[in-house]
Structures are given as C-alpha cells and as structure tokens.
Amino acid sequence: MNIRPVTGFSKLSKREKLKWLVNNFFTNPEEVAHELRGFWHRDEGKQKVFDEFSENTLSNFYLPFGVVPNVLINDKLYCVPMVIEESSVVAAASAAAKFWLDRGGFKAEIVDTHKVGQVHFLWKGEPSRLKAAFPELRRQLLEGTAFLTANMRKRGGGLLDVELLDRTHLEPHYYQLKATFETCDSMGANFINSVLEESARMLATFVAGSRDLRPTEREVEVLMSILSNYTPDCLVRASVECPVSELGMFDGGMDAEQFARRFAAAVRIAGVDVHRATTHNKGIYNGVDAVALATGNDFRAIESCGHTYASRDGRYRSLSYCEIKDGVFRFWLDLPLAVGTVGGLTTLHPLARRAMEMLGHPTARELMAIIACLGLAQNFAAVRSLVTTGIQKGHMKMHLMNILNHLEAKEEEAKLAVAHFADKVVSFTAVREYLMMVRAGK
C-alpha cells in the first residue's frame with residue numbers, strides 16, 4: 001500500500017477516521033470496519049463518554065470485569081472488582097482471600113497520604129542569599145496560592161509545605177521547590193499542577209523584586225512545574241498472620257512448618273536477587289493494577305511509584321516481607337499508593353462507578369487498603385504455588401479455555417478436553433493434539 005501522511009486527522013468524525021484507517025491499513029476494510037463498530041456501546045450517550053476519555057477514539061477495547069468475594073480487611077468483608085485479562089489472577093486472588101478468611105483476614109494501616117509536586121528552576125547566584133530569602137518566599141507561596149487551595153483545605157487537605165532544595169551539585173544552577181500536598185479523596189493531579197504553576201509564577205516575581213538578592217541575581221528560569229508520581233509518604237501496609245500450626249497441609253503432603261520455611265525463604269530470595277524481585281513484584285501488581293483499573297485509577301502511575309520505591313536504597317528489591325517468629329507466620333508488604341475515589345474516571349466511567357458502589361463508596365484511604373490487600377493476596381497465591389506445586393499447574397489449567405478458544409473448539413469438544421486434562425499437564429501442543437484425536441473420532 002502507498003500510504004501518505006494524513007493532515008487534520010483529529011478533526012475528522014469518528015466514522016471518517018475509521019474509514020481512513022481501514023482503507024489504508026487493512027486488505028478487508030469492510031470486515032474490519034464492521035468488527036470495530038461492533039464494539040461500540042449501543043447507548044450513544046455512554047459511547048460519547050468513552051470517546052471523550054481519549055483522542056482519536058475509534059472503538060472500545062474490552063477487558064474482563066471480575067470480582068473476588070470473601071476479602072476480609074480489618075474485619076470488614078468486601079467483594080473486590082478486578083479488571084485483567086490474565087486468566088489465573090482473579091482465581092489466585094480468590095483462593096488467597098478464602099485461605100485467609102478463616103485465619104483473621106487481612107489487616108491494613110495507612111502510614112501517610114502525602115503527595116509531592118516540584119517546581120524545577122535554574123538560578124545563577126550565591127546559594128546562601130537565596131536560602132536566606134526563602135522563608136519570605138515560602139510565606140508568600142502558602143498565602144498566594146490560597147485561592148487555589150481553599151476548597152481542598154475545607155476538606156482537610158491543601159498545600160502543606162514548601163521546601164527549597166539546592167541541586168547544583170547534580171546540575172549547574174539547578175534548584176527545586178518541593179511542595180507537599182494532601183488531596184484527601186482526590187488523586188489531585190490537576191489540583192497539584194495548578195498550584196505548582198502558580199507557585200512558579202510567584203517565584204519569578206519574587207526573585208525579580210527581592211532586595212535580598214543582587215541585581216545580577218534577580219532572574220530565574222523556570223524549567224517545569226509538575227507533580228511527582230513518586231509518593232513514598234503516601235504509604236499503606238497490608239499484612240496477614242497466623243500461628244504456623246494453623247496454616248494447614250499443602251499439595252504433595254507438605255506440612256505447615258515446611259511450607260512456612262519454604263515460603264519465607266522464597267520471599268527473602270526476592271529481597272536479594274533482582275531477577276526474582278522483578279517477577280515477584282510483578283505478581284503483586286497483577287492484583288494492584290487490576291483493582292486500580294476497575295476503580296478508574298491510574299495504574300501506570302501507581303506501578304511506576306512502586307518500582308521506584310522498591311529501589312529506594314539503590315537496589316531493586318521485593319516489596320513484600322515474611323517472618324516466622326515465636327511460632328507465628330507473618331507476611332506483609334509496604335506499598336506507596338496514590339489513589340482517588342472522586343473525580344476523573346472514578347466518576348465518569350459507568351463500571352468504575354459501580355465498582356466504587358460495590359466497595360461501599362470507600363474513601364481514598366480505604367481504597368488504598370483494599371488495593372494493597374489484593375496485591376498481597378496475589379503475591380501470597382503466587383509464592384504458595386511456587387513453593388508447593390509449581391506455578392504452571394494452576395496457571396495452565398486456567399489457561400486451558402484460552403487455548404480451546406484459540407483452537408476454535410466446539411462446546412462438546414471443550415467439555416471433553418476439560419475432563420481429559422483434569423489430571424494431565426496442559427500445554428498448547430497437548431491440547432491441539434487431543435482435539436485432533438477427538439475430531440478424528442479416536
């Protein structure tokens with residue numbers, strides 16, 4: 001195909017965009033257009049909402065919306081929504097929730113909920129003079145941004161503090177205003193960025209008019225004003241514990257003491273080996289991301305923050321920990337989580353609204369606890385499988401239906417395959433060969 005660049009694409013109607021796409025990139029344009037239109041919502045009002053979530057929207061991309069029942073957190077029972085395409089994740093989280101339901105459930109505590117924003121700027125002058133002038137600048141910033149923070153302050157949040165950081169040892173003339181915020185039940189990105197941009201304007205005005213600075217020092221170059229997705233002070237701890245003797249028996253005849261010992265060793269290995277730590281933490285985010293998606297939260301920011309936190313001492317490590325002390329098995333994680341329960345997709349997306357309703361309209365602090373506990377549940381289920389039966393036994397059993405769908409198995413063929421592989425190793429090749437035998441009448 002001889003494809004030419006398109007101009008004014010964003011100004012075309014959705015149907016015009018779709019027509020341009022299928023005619024230029026597909027050999028069967030009518031079939032593809034029909035397929036993409038087939039995922040449009042039948043309610044035009046809802047479809048308009050989906051279209052406006054993003055730019056150049058042509059269709060909707062569906063992911064399964066599932067639930068994990070029987071999640072006991074701080075003695076309160078939840079049914080937790082999860083949006084994820086990996087077949088074993090919801091099943092694993094459900095199994096872990098059921099396991100801990102009769103052992104006291106999950107416990108969660110919020111360590112703090114502070115978020116960070118930064119004004120990055122260049123300034124050429126004597127650092128001591130800027131430092132001496134800063135207390136007055138700080139006062140003006142807190143007072144001068146009050147018109148932006150008024151509503152948030154009524155809810156108990158706002159701009160809490162501003163620090164001046166000298167970063168000239170890292171980059172010539174580089175300084176930073178580091179602002180700390182409390183955004184209550186809002187994720188607060190737009191709020192934080194608005195306050196930061198106003199602070200940057202005030203910084204430039206202050207420096208230009210300051211009598212504490214020399215004439216040659218009364219100019220500042222603001223590079224950027226933006227929130228940080230690294231929120232180590234927006235932290236939640238989720239945990240489970242019970243006497244080792246109450247862990248029960250595991251597959252293969254493994255007793256509680258052997259399981260606890262193997263489990264704790266596996267978690268310690270994730271704390272010292274970066275290859276294992278990466279996969280270990282990915283398992284945590286299988287649970288975290290799925291709940292974040294279901295509730296309309298920014299899973300990309302959440303995961304980015306978590307991986308940074310896992311590297312906070314200069315080496316990437318596990319986000320979860322395990323200890324066996326005085327006969328008690330304890331497993332926990334510390335997770336930075338900046339989430340919102342009002343505004344954004346949590347309000348606009350119809351299923352995100354239902355997810356919030358399902359959870360009892362939680363506060364941001366409560367949602368932090370729920371998400372962290374699902375991350376811990378997922379991690380527990382994964383490590384339990386690894387140190388007992390191996391990860392593939394359960395995973396491939398769940399993946400069997402995906403393989404059967406890929407091979408276009410009919411309903412009766414699928415039933416036969418499920419029964420056949422109940423006690424056998426599942427693989428794509430094995431399933432394909434079995435279906436060939438079934439279809440050949442053998």
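Thoughts on the overall build of the protein
When you go through the protein residue by residue, the secondary structure sums to 16 helices and ten strands. When its C-alpha atoms are laid out on the principal axes, the protein stretches across 95 × 70 × 40 Å. Within the protein, buried positions represent 43% of all 442 residues. Sequence-distant contacts in the protein: of pairs separated by 6 or more residues, those separated by 24 or more amount to 70%. Computed over 53 positive and 52 negative side-chain charges, the separation of the two mean positions in the protein equals 1 Å.

A look at the environment of S10
Counting through the fold element by element, S10 comes out in the segment before helix 1 (14-25). Relative accessible area serves as the criterion here: at 39%, S10 is assigned to the partly exposed category. Residues S10 and W20, spaced ten residues apart in sequence, show a C-alpha to C-alpha distance of 12 Å. Sequence-distant contacts of S10, defined by excluding residues within four places in its chain, comprise K17, E55 and N56.

Observations concerning the packing of aromatic side chains
On inspection of all chains with the given rule, the structure shows 21 aromatic pairs. A ring pair is formed by F99 and F250, whose centres lie 6.3 Å apart and whose planes are at 35°; its orientation type is tilted. You can see F99 sitting in helix 4 (residues 87-101) and its partner F250 sitting in the loop between strand 8 (234-243) and helix 8 (256-272), a full 151 residues away along the chain. Residue F99 is classed as buried on the basis of its relative accessible area, which comes to 10%. Ring pairing ties together the aromatic residues F99, W100, F250, F259, F263, F329, F331 and F380, which thus form one cluster. A cation over an aromatic ring shows up here: R300 above the ring of F299, its NZ or CZ 5.1 Å from the ring centre. Note that R330 overlies the ring of W332, its terminal NZ or CZ placed 4.3 Å from the centroid.

Some words on the nonpolar core
L247 and F329 are the most contacted members of the largest nonpolar core, which has 69 residues in total. For this core, the element with the highest residue contribution is helix 13 (residues 364-387), accounting for 14 residues. Residues in contact with F329, not counting those within four places in the same chain, are W100, V240, E241, C242, V244, L247, A260, F263, C322, E323, I324 and F380. Counting residues in each nonpolar core, the second largest holds 28 residues, with V119, L196, A200 and V207 among its members.

Observations concerning the sheet that holds strand 4 (residues 115-123)
Ordered by their spatial adjacency, four strands build an open sheet running 5-6-4-7, and the pairing between neighbours is antiparallel. One side of each edge strand has no neighbouring strand; the edge strands of this open sheet are strand 5 (158-166) and strand 7 (220-228). For this sheet, the mean angle separating the axes of adjacent strands, direction not counted, is 20°.

Section: the sheet that holds strand 9 (residues 320-325)
The strand order across the open sheet built from four strands is 3-8-10-9, with neighbouring strands paired in antiparallel fashion. Across the chains shown, the open sheet's two edge strands, defined by having one partner strand only, are strand 3 (107-113) and strand 9. Mean inter-strand twist for the sheet, computed between neighbouring axes without regard to direction, equals 20°. Sheet analysis places strand 9 next to strand 10 (residues 328-336), joined by six bridges and oriented antiparallel. Looking at strand 10, one finds that Y321 is bridged to W332.

Brief notes about helix 7 (residues 189-209)
Its 21 residues place the ends of helix 7 30 Å apart at the C-alpha level, agreeing with the 30 Å of an ideal helix rising 1.5 Å per residue. Close packing links the buried residues of helix 7 with strand 4, helix 5 (127-144), helix 6 (146-154), strand 5, strand 6 (174-182) and strand 7.

Focus on the pattern of salt bridges
A side chain of one charge can pair with a side chain of the opposite charge if their charged atoms are brought near each other. Tallied over the entire structure, the rule returns 18 salt bridges. Among the salt bridges present, the one from K48 reaches E52, with a minimum N-O distance of 2.6 Å. The exposure class assigned to K48 is partly exposed, which follows from its relative accessible area of 48%. The exposed category is assigned to E52, whose relative accessible area is 55%. Notably, a salt bridge pairs D313 with R317, separated by 2.8 Å at the nearest N-O pair. Look at the salt bridges and you will find they share partners, linking E136, R139 and E143 into a network.

A closer look at the environment of D102
Structurally, D102 can be placed in the loop between helix 4 and strand 3. Here D102 falls in the exposed class, since its relative accessible area comes to 67%. A C-alpha to C-alpha distance of 9.8 Å links D102 and E246, two positions 144 residues apart in sequence.

Quick look at the packing of helix 4 against helix 13
Packing of helix 4 against helix 13 brings their axes to within 8 Å, and their N-to-C directions diverge by 95°. With respect to each other, helix 4 and helix 13 are oriented roughly perpendicular. For the pair formed by helix 4 and helix 13, the contact residues are V89, A92, A93, A95, A96, F99 and W100 on the first element and L374, A377, Q378, F380, A381 and R384 on the second. Here the residues of the contact of helix 4 with helix 13 sort into eleven nonpolar, one polar and one charged.

Description of unusual backbone geometry
Unusually for a residue other than glycine, H173 sits at a positive phi of about 65°. Non-glycine residue H361 carries a positive phi angle of around 50°. Residue placement: H361 occurs in the loop between helix 12 (350-358) and helix 13. Residue classification places H361 among the exposed positions, given a relative accessible area of 59%.

Conventions adopted
- Residues numbered from 1 in each chain as written.
- Predicted model: local features only at pLDDT ≥ 70, side-chain atom pairs only at ≥ 80, totals over all residues.
- Heavy atoms only, no water.
- Helix = DSSP H or I, 4+ residues; strand = E, 2+ residues; numbered from the N terminus.
- Buried < 20%, exposed > 50% of the residue type's maximum accessible area, 1.4 Å probe, protein only.
- Contact = heavy atoms within 4.5 Å.
- Lys, Arg positive; Asp, Glu negative; His and termini not counted.
- Charge placed at Lys NZ, Arg CZ, Asp CG, Glu CD.
- Phe/Tyr/Trp six-rings, centres within 6.5 Å; stacked < 30°, edge-to-face > 60°.
- Lys NZ or Arg CZ within 6 Å of the ring centre and 35° of its normal.
- Core = buried A, V, L, I, M, F, W, Y, C linked by side-chain atoms within 4.5 Å.
- Pairing = 2+ DSSP bridges.
- Axes fitted to C-alpha atoms, helices over the stretch in contact; angles between N-to-C directions.
- Expected span 1.5 Å × (residues − 1).
- Salt bridge = Lys/Arg side-chain N within 4 Å of Asp/Glu carboxyl O.
- Parallel < 35°, antiparallel > 145°, perpendicular 65-115°, else oblique.
- Nonpolar A, V, L, I, M, F, W, Y, C, P; charged D, E, K, R; others polar.

Everything listed is a geometric property; what it means functionally is a separate question.
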